[in-house]
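The residues making up each chain are set out below.
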Amino acid sequence: MNALAHRRFLRMNGLGNEITVLDLRGTKSVASEAEARAIAAAPGMHFDQLMVLHDPRTPGTDAFVRIYNTDGSEAGACGNGTRCVAWAMMADPEMGDPARKTLTLETKGGLLPARRLSDLVFTVDMGKPRLAWDEIPLAEPFHDTSGFELQIGPIDAPVLHTPGAVSMGNPHAVFFVDDPYRFNLEQIGPLLENHPIFPDRANISLAAVKAPDHIVLRVWERGAGITRACGSGACAALVAAVRREFSDRKATVSLPGGDLVIEWRESDGHVLMTGPVELEREGVLEPALFAAA
Ligand SMILES: N[C@@H](CCC[C@H](N)C(=O)O)C(=O)O
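Residues numbered from 1 in each chain as written. Predicted model: local features only at pLDDT ≥ 70, side-chain atom pairs only at ≥ 80, totals over all residues.

## A look at the overall build of the protein chain
- Broken down by element type, the protein chain carries four helices and 17 strands.
- Here the protein chain has a C-alpha radius of gyration of 18 Å; the compact-globule value for 293 residues is 19 Å, and the two agree.
- Taken along its principal axes, the extent of the C-alpha atoms in the protein chain is 50 × 45 × 30 Å.
- Considering the protein chain as a whole, with its 293 residues, one finds that 47% of them fall into the buried category.
- Relative to all contacts within the protein chain whose residues are 6 or more apart in sequence, the contacts with residues 24 or more apart total 67%. (Helix = DSSP H or I, 4+ residues; strand = E, 2+ residues; numbered from the N terminus. Rg over C-alpha atoms; globule rule 2.2 N^0.38 Å. Buried ≥ 20, exposed ≤ 12 C-beta atoms within 10 Å, placed from the backbone. Contact = placed C-beta atoms within 7 Å.)

## With respect to the environment of F175
- With respect to the helices, strands and loops of the structure, F175 is situated in strand β10 (residues 171-176).
- When the C-alpha positions of F175 and P276 are compared, they lie 26 Å apart, and in sequence the two are 101 residues distant.
- Look past the residues within four positions of F175 in its chain and what remains in contact with it is L160, P163, S205, L206 and A207.

## Observations regarding the site of the ligand
- In the vicinity of the ligand, 21 residues are found, and the nearest of them are A75, N80, N170, G231 and S232.
- At the level of secondary structure, the elements contributing two or more residues to the shell around the ligand comprise α2 (79-91) and α4 (231-243).
- Classifying every residue of the shell around the ligand by side-chain character gives five nonpolar, 13 polar and three charged.
- Two domains each donate at least three residues to the shell around the ligand, and these are domain 1 (8-122 + 277-290) and domain 2 (164-269). (Near = placed C-beta within 6 Å. Nonpolar A, V, L, I, M, F, W, Y, C, P; charged D, E, K, R; others polar. Domains from an automatic or database assignment.)

## Examining unusual backbone geometry
- For the bond running from I136 to P137, omega is -10°, close enough to zero to count as cis.
- Phi angles above zero are rare outside glycine, and H6 is one such case at about 70°.
- With 11 C-beta atoms counted inside 10 Å, the residue H6 sits in the exposed group.

## Looking at the nonpolar core
- If you look at the biggest cluster of nonpolar residues, it comprises 87 residues, and the most contacted ones within it are A207, I215, A234, A237 and L238.
- Of the residues forming this core, the biggest block, nine residues, is contributed by α4.
- The two domains that each donate at least three residues to this core are domain 1 (8-122 + 277-290) and domain 2 (164-269).
- Every residue in contact with A237, bar those within four places of it in the chain, is listed here: V174, S205, A207, I215, L217 and V253. (Core = buried A, V, L, I, M, F, W, Y, C linked by C-beta atoms within 7 Å.)

## With respect to the confidence of the model for the protein chain
- Predicted confidence across the protein chain gives a mean pLDDT of 95, with 98% of residues reaching 70 or more.
- Model confidence for the complex is summarised by a pTM of 0.97, with the ipTM given as 0.99. (pLDDT = per-residue confidence, 0-100.)

## Looking at the pairing of strand β16 (residues 271-276)
- Pairing between strand β8 (residues 121-125) and β16: five bridges, direction antiparallel. Within β16, the position partnered with T123 by the bridge is T274.
- Bridge analysis of strand β15 (residues 258-264) against β16 gives four bridges, and the strand direction is antiparallel. Directly across from I262, in β16, lies its bridge partner M273.
- Between the antiparallel neighbours β15 and β16 lie six residues, among them G269 with a positive phi of about 75°. (Pairing = 2+ DSSP bridges.)

## As for α4
- The terminal C-alpha atoms of α4, which comprises 13 residues, lie 19 Å apart, in line with the 18 Å expected from a rise of 1.5 Å per residue.
- At the C-terminal side of α4, E245 shows a positive phi close to 60°. (Expected span 1.5 Å × (residues − 1).)

## What to know about α2
- Between its first and last C-alpha, α2 extends 18 Å over 13 residues, near the 18 Å set by a 1.5 Å rise per residue.
- Within α2, burial applies to G79, N80, G81, T82, R83, C84, V85, A86, W87, A88, M89 and M90.

## Describing the domain arrangement of the protein chain
- In terms of domain boundaries, the protein chain breaks down into domain 1 (8-122 + 277-290) and domain 2 (164-269).
- Once you take the C-alpha centre of each, domain 1 and domain 2 turn out to be 22 Å apart.
- With 19 residues of domain 1 at the interface, the matching set in domain 2 holds 20 residues.
- The class makeup of the residues in the side of domain 1 that touches domain 2 is four nonpolar, 13 polar and two charged.

## A few points about the UniProt feature "active site" (unreviewed entry) in the protein chain
- On the UniProt side, "active site" (unreviewed entry) is annotated at positions that read C78 and C230 here. For this annotated set, covering 153 residues, all C-alpha atoms fall within 7.5 Å of each other, a compact arrangement in space.
- By the element assignment, C78 lies in the loop between β5 (74-75) and α2.
- Aside from chain neighbours lying at most four places away, what touches C78 is Q49, M51, I67, G231 and S232.
- Mapping C230 onto the fold places it in the loop between β13 (225-226) and α4.
- Taking the number of C-beta atoms within 10 Å as the measure of exposure, C230 has 36 and is therefore buried.
- Contacts of C230, omitting those with residues within four sequence positions, involve N17, N203, V219 and E221. (UniProt positions renumbered as here; feature names shortened; annotations may be inferred.)

Dropping the structure here:
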């Protein structure tokens, strides 16, 4: 019997970013990429990200969280998923402790303290953005990653030549455009995600700064495609906009699924993301899902 079979899961979303939360705390099981892909491919089970809770690895943290994309690849950060996990660990009757208003999660990308502001609204401290070329990572040593020259060959869109690159624990490229909805993101997303300048691939954002405190954003996510919202993408867009002096350090980022408030705090350089979550349903992983995984 597959170790994930019969495990209970929560189906949630953060601004329409489709998140499945699975609790493997108290076990030694680790989902493989093939198992994550098998869950995502099953009828009615599609997720943008699967957030899997494991026992904490570091003193002072509450859980270690593995993040899987639809294609099974693992990511170091997922802003919307982190808010969903925070809700699950505070409010779900089986996974959570209703007495808690704060907790600290650890992912491959680092430590993420989260705070419950109201029933369904959370702030996550997404940490400091990493801006050096080899931290993002880029394949070439660009001194200034706030706007670097990108050779994009077949893509017929001259404005897509000088993205800013930011790691929020996962790699992002942010292209500033007048209207993100004017572009065929379905077509250019995968080309840019897999551009050789991004050795680990990248999440691709189209951002329009409408006012110093308002950014409109669409994201093609690495390993997941177009999603209704990307929390780490919203953080990266704000950081990239501040570095180009396009925006204030605090702004509302409007995604297809709704708004996040993002602040790049001056005092310590951390990025704070505030937004809602929603619980859609709970379920149990059917053993048949893993027949071929
Ligand atoms: N939806 C996410 C980002 C998830 C990970 C990303 N696709 C990657 O591979 O880096 C978010 O809300 O941040």
